[in-house]
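Here's the letter readout for the chains.
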Amino acid sequence: MKEELKENILNTLKELNIDCKLANHEPILNFEIAAKVDEELGWTGKETKSLFVKGKSGKFYIYITTEDQKLDSKRIKSLIGEKVNIVSSDEMTEIIGCVPGSVAAFGYNSDIVDTVIVDKIVLDYDAFICSVGVPNMSAEIKTEDLDKILKFSYPNVLYLEKE
């Protein structure tokens, strides 16, 4: 499933003519390695993390924020009307094929995830860096293209106001 996800992401970027940087690199599973890889690549975008979360109803969401933010389930509950928790590693690998640290911001089939929640703090940066669903490949994308990508990828795009 990871390779299918990666291909979905690359196809989306191509179909939308998104001018971005893609790179293969050593596997990234934490932000210390990400910082090292970003420096080696000369990337200046803000590292983001995409969390695979599950609502109390059983519905899955992707939550996108910056590397230094935590999941604020109370703020998210006020936006979507239900409490969310991060999905366990085993369930995540089984459902979307990603290992922790390599969850992608987009590229999923809408029967699995049809809603993305974006922390507006991401919009404070000119570019963001994200996984393409595998630990050894990342993308640096202009933030101005984020909304276009997400609206193409998900029926529902929600923005979480900054605190």
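Here, every reference points to the structure presented above.
Remember, it's a predicted structure, so these values are computed and weren't measured experimentally.

1. So, the environment of Pro135
Locating Pro135 in the fold gives a position in the loop between strand E6 (127–131) and strand E7 (137–142). Pro135 sits in the buried class, given a relative accessible area of 17%. Residues Pro135 and Leu29, 106 residues apart in the sequence, show an inter-C-alpha distance of 6.5 Å. Each residue touching Pro135, except ones within four places of it in the same chain, is listed here: His25, Glu26, Pro27, Ile28, Leu29, Val99 and Ser102.

2. Some words on the pattern of salt bridges
Inspection of every chain in the model, using the stated rule, returns 13 salt bridges. One salt bridge in this structure joins Lys162 and Asp124, with 2.8 Å as the shortest N-O distance. Residue Lys162 is found in the segment after strand E8 (156–160), and its partner Asp124 is found in the loop between strand E5 (115–119) and E6; the two are separated by 38 residues along the sequence. The class of Asp124 is partly exposed, set by a relative accessible area of 47%. Three or more residues are tied together by salt bridges with common partners; here these are Glu26, Lys36 and Glu40.

3. Here we look at a positive patch on the surface
Positive charge collects at one region of the surface, where Lys56, Lys74, Lys77 and Lys83 lie side by side. Its location among the elements puts Lys56 in the loop between strand E2 (46–55) and strand E3 (60–66). Taking relative accessible area as the criterion, Lys56 reaches 75% and is therefore assigned exposed.

4. Here's the deal with unusual backbone geometry
The phi torsion of most residues other than glycine is negative, and most of the peptide bonds are trans. Even without a glycine there, the phi angle at Asn17 is positive, about 55°. Its place among the elements puts Asn17 in the loop between helix H1 (2–15) and strand E1 (20–24).

5. What to know about the packing of aromatic side chains
When we look at a pair of aromatic rings, we describe it by the centre distance and by the angle of the planes. Scanning the entire structure with this criterion turns up one aromatic pair. Ring centres of Phe52 and Phe60 lie 4.9 Å apart, and the angle between their planes is 15°; on these two criteria the pair is classed as stacked. We note that Phe52, like Phe60, is buried.

6. Things to note about the pairing of E6
For E6, a buried count of five out of five residues is recorded, marking the element as mostly surrounded by other parts of the structure. Every second residue of E6 is oriented toward a common face, with Ala127, Ile129 and Ser131 on one face and Phe128 and Cys130 on the other, all of them buried. Judged from the two bridges that link them, E2 and E6 form a sheet pairing that is parallel. Bridge assignment links Lys46 to a residue of E6, and that residue is Phe128. For E6 and E7, the ladder comprises five bridges, and the chain directions are antiparallel. In the sheet register, Ile129 faces E7, and the bridge partner there is Glu140. Connecting the antiparallel pair E6 and E7 is a turn made up of five residues, with Gly133 showing a positive phi of about 95°.

About the thresholds
- Here the residue numbering is sequential within each chain, running from 1 through the sequence in written order.
- Local features in this predicted model are restricted to residues of pLDDT 70 or higher, and side-chain atom pairs are both shown and tallied only at a pLDDT of 80 or more, whereas totals for entire chains, interfaces and linings draw on every residue.
- To get the side-chain values, all heavy atoms of the structure are used, and hydrogens and water are removed first.
- The numbering of helices and of strands both runs from the N terminus, where a helix is a DSSP run of H or I of at least 4 residues and a strand a run of E of at least 2.
- The rule is simple: take the accessible area with a 1.4 Å probe, protein chains only, and divide by the maximum for that residue type; under 20% is buried, over 50% is exposed, in between is partly exposed.
- Any two residues whose heavy atoms approach within 4.5 Å at even a single point are treated as in contact.
- Every case where a carboxyl oxygen of Asp or Glu lies within 4 Å of a side-chain nitrogen of Lys or Arg is listed as a salt bridge.
- Exposure above 30% relative accessible area and no salt bridge define the residues that can form patches, which grow by joining like charges within 9 Å and nonpolar side chains of Val, Leu, Ile, Met, Phe, Trp and Tyr within 5 Å.
- Where accessible areas are quoted, they stem from the Shrake-Rupley method and a 1.4 Å probe; at the residue level, only the protein chains shown are allowed to cover.
- For the purpose of counting charges, residues Lys and Arg are taken to be positive, whereas Asp and Glu are taken to be negative. His and the chain ends are not included.
- The location of each charge is read from NZ of Lys, CZ of Arg, CG of Asp or CD of Glu.
- Each Phe, Tyr or Trp ring, with Trp reduced to its six-membered ring, pairs with another whose centre is within 6.5 Å; inter-plane angles below 30 degrees give stacked pairs, above 60 give edge-to-face pairs, and intermediate values give tilted ones.
- Strand pairing is assigned whenever DSSP detects at least two bridges linking the two strands.

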